[in-house]
Amino acid sequence: MDAAAADTRAKPVNLDHLLKLAGPDMAGVDSLIRDRMQSPVSVIPALAEHLIGGSAKRLRPLLTVAAARLAGAKDDGCRKLAAAVEFIHTATLLHDDVVDSSELRRGKVAAHLIWGAPSSVLVGDFLFARAFELMVETGSMSALEILARASRVIAEGEVLQLTRAHDLDLDEAVYLQIIKAKTAELFAAAAEAGGVCAGATSDQCRGLRQYGQDLGLAFQLVDDSLDYSGASETLGKNPGDDFREGKATLPLILAIIRTGEAERAFWLRTIDALEQTDADFERARQLVRETGALDSTLKAAAGYAASAKAALAVFPTGAWRTALEDLADFAVARLA
C-alpha cells in the first residue's frame, strides 16, 4: 500500500472536533430541513423523512457551514444554503435509487421499494424545488448560481454514467469525469457557496471549491473500494451492489485492465451481459484485490485528500481549518 495512504489510515481520525464546532449551526440546519420538507401531501414528508432521517453527519451541509465559518461568517445565512445543499443531495439519491434499482440506502430499504418509483421521483422533484426556494431566500445570486450549476452538472454526470453502463472499455479518465460531476461537484459547490455567503475573497472561494472537489473525489473513490471490501454496516448498502449492477468503478476498471485477456470472458459475462452467479462477486472481489486495484484506488483517494488539505492554505491556521483538514483525513480513514 502507498505510504501516504497507510499513514492516513494509521492515525486515529474522527469528526468530533468539526461536529462540536458546527453543532449549533447544524442544529439550526436540521430544524430548517424538517420544517421545509413538510407538505399537506402526507407522502412527501413521510418519504423524505425515511431518507433524510437516516443521514447521520450530513457531510455536505456540514461542509457549507464549516466553509462559511472558516471564511469569517458571523450571521446565520449559511444555514439556509446548507439546508438547500442537503435537499439537492437527497433529491439526487432518490432519483439515483430509481435509476439503479437499488435495494438499500443508508442502511434502510430504498424509498422506491416502499412508496414506488413515481413517488420517489416526484418527492425528489419537490426537494429540488425546496432547495431553490431556500437559495432565493438568502438573497445571494452568486450562491444561487453556484448551486444551480451544480444541479445541472450532477444531472449531466448521471446521464453520462447511464450511457456508459456495463462498458468494459470505460477508462479511468472518463470515470473520473463521471464522479467529478456526480459526486465531487456538490461537495465543491457546498464549500464554495459557504465562502461566497461569508464574503470570502475570490482566492479563498477558489480554494474552498478545490477543497470540496478533491474531498468529494476522495470520498467517492473510498466508496468504490468499500463496495469490494466493506460490510453492509459500513456501506449502508449491500457489498457488491456496484458489481451486480454492472457499474464500472475504479477498482473494477483497474482489475479489468490488469487481468487482460485471461479474464476477458468472465468480465464480459458478468459486467457486459450481467449474467452472474452467486459465486461471481467473490471471484471479482478476489481479482480486484490480487491485481492491486483496491490499493491503487486508495492511493488515488489519499492523493485527493492531500490536495484538498493543501487547498486550505489560503486561510490562516485555526480551529475551523484544522477541522476541515480532519474531514479530508476522515474521507480516506473510513476504509480502515
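Computed from a predicted structure; not experimentally measured.

Brief notes about unusual backbone geometry
- A positive phi angle, close to 60 degrees, is found at His166, a residue other than glycine.
- With respect to the helices and strands, His166 occurs in the loop between helix 9 (141-163) and helix 10 (172-197).
- Take His166: its relative accessible area is 26%, and that puts it in the partly exposed class.

What to know about the confidence of the model for the protein
- On average, residues of the protein score 91 in pLDDT, and 93% of them reach the 70 mark or higher.
- Counting interchain partners and residues more than four positions distant, the pLDDT-below-50 stretch residues 1-10 has 15 contacts.

Considerations on the packing of helix 4 (residues 43-52) against helix 6 (residues 77-100)
- Contact geometry for helix 4 and helix 6: axes closest at 11 Å, N-to-C directions at 95 degrees. Here helix 6 runs roughly perpendicular to helix 4, going by the angle between their axes. Here helix 4 contributes Leu47, Leu51 and Ile52 to the contact with helix 6, which in turn contributes Phe87, Thr90, Leu93 and Leu94.

A word on the side chain of Gln213
- Structurally, Gln213 can be placed in helix 11 (residues 202-229).
- The contact partners of Gln213, leaving out residues within four places of it in the chain, are Lys180, Ala184 and Ala188.

Looking at empty space enclosed by the protein
- Counted according to the given criterion, the structure contains one cavity of 30 Å³ or more.
- Counted as a void, the largest cavity has a volume near 30 Å³.
- Residue lining of the largest cavity: His50, Leu51, Leu94, Asp97, Arg105, Val109, Ala110 and Ala111, and that is the complete set.
- For the lining of the largest cavity, the secondary structure elements donating two or more residues are helix 4 and helix 6.
- Split into classes, the residues belonging to the lining of the largest cavity amount to five nonpolar, one polar and two charged.

Quick notes on the environment of Arg130
- Relative to the helices and strands, Arg130 is located in helix 8 (residues 117-138).
- Each C-alpha atom, one on Arg130 and one on Ala83, is 9.3 Å from the other, the two residues being 47 residues apart in sequence.
- Filtering out sequence-adjacent residues up to four positions away, Arg130 remains in contact with Arg36, Gln38 and Phe87.
- In terms of polar contacts, Arg130 uses its side chain to reach the backbone carbonyl oxygen of Gln38, at 3.4 Å.

How each quantity is defined
- Residue numbers restart at each chain and count upward from 1, following the sequence in its written direction.
- For this predicted model, a pLDDT threshold of at least 70 governs which residues receive local features, and a threshold of 80 or more governs which side-chain atom pairs are given and counted, while totals over whole chains, interfaces and linings are taken from all residues.
- In computing side-chain properties, one takes all heavy atoms of the structure into account and sets aside hydrogens as well as water.
- In DSSP terms, a helix is any run of H or I states spanning at least four residues, a strand is any run of E spanning at least two, and both are numbered starting from the N terminus.
- The buried label goes to any residue with under 20% of its type's maximum accessible area, the exposed label to any with over 50%, and the partly exposed label to all in between, with areas taken from a 1.4 Å probe on protein chains only.
- Per residue, pLDDT measures the predictor's confidence, with a range of 0 to 100.
- We call two residues contacting when some pair of their heavy atoms lies within 4.5 Å.
- To obtain each axis, a line is fitted to C-alpha atoms, and for helices this fit is confined to the stretch in contact; angles are then taken between N-to-C directions over 0 to 180 degrees.
- For classification purposes, an angle smaller than 35 degrees is called roughly parallel, one larger than 145 roughly antiparallel, one from 65 to 115 roughly perpendicular, and anything else oblique.
- A 1.4 Å probe that fits but cannot get out identifies a cavity on a 1 Å grid over protein atoms alone, an open set with protein on both sides within 12 Å along at least five of seven lines counts as a pocket, and a residue lines either if it has an atom within 4 Å of a point.
- Grid points are joined across faces, edges and corners, and a volume is the space filled by probe spheres set on the points.
- Gly counts as polar in this scheme, as do all residues outside two lists: the nonpolar Ala, Val, Leu, Ile, Met, Phe, Trp, Tyr, Cys and Pro, and the charged Asp, Glu, Lys and Arg.
- Polar contacts here mean pairs of N or O atoms no more than 3.5 Å apart (in protein, one a potential hydrogen donor and the other a potential acceptor; neighbouring residues in sequence count only if both atoms are side-chain atoms).

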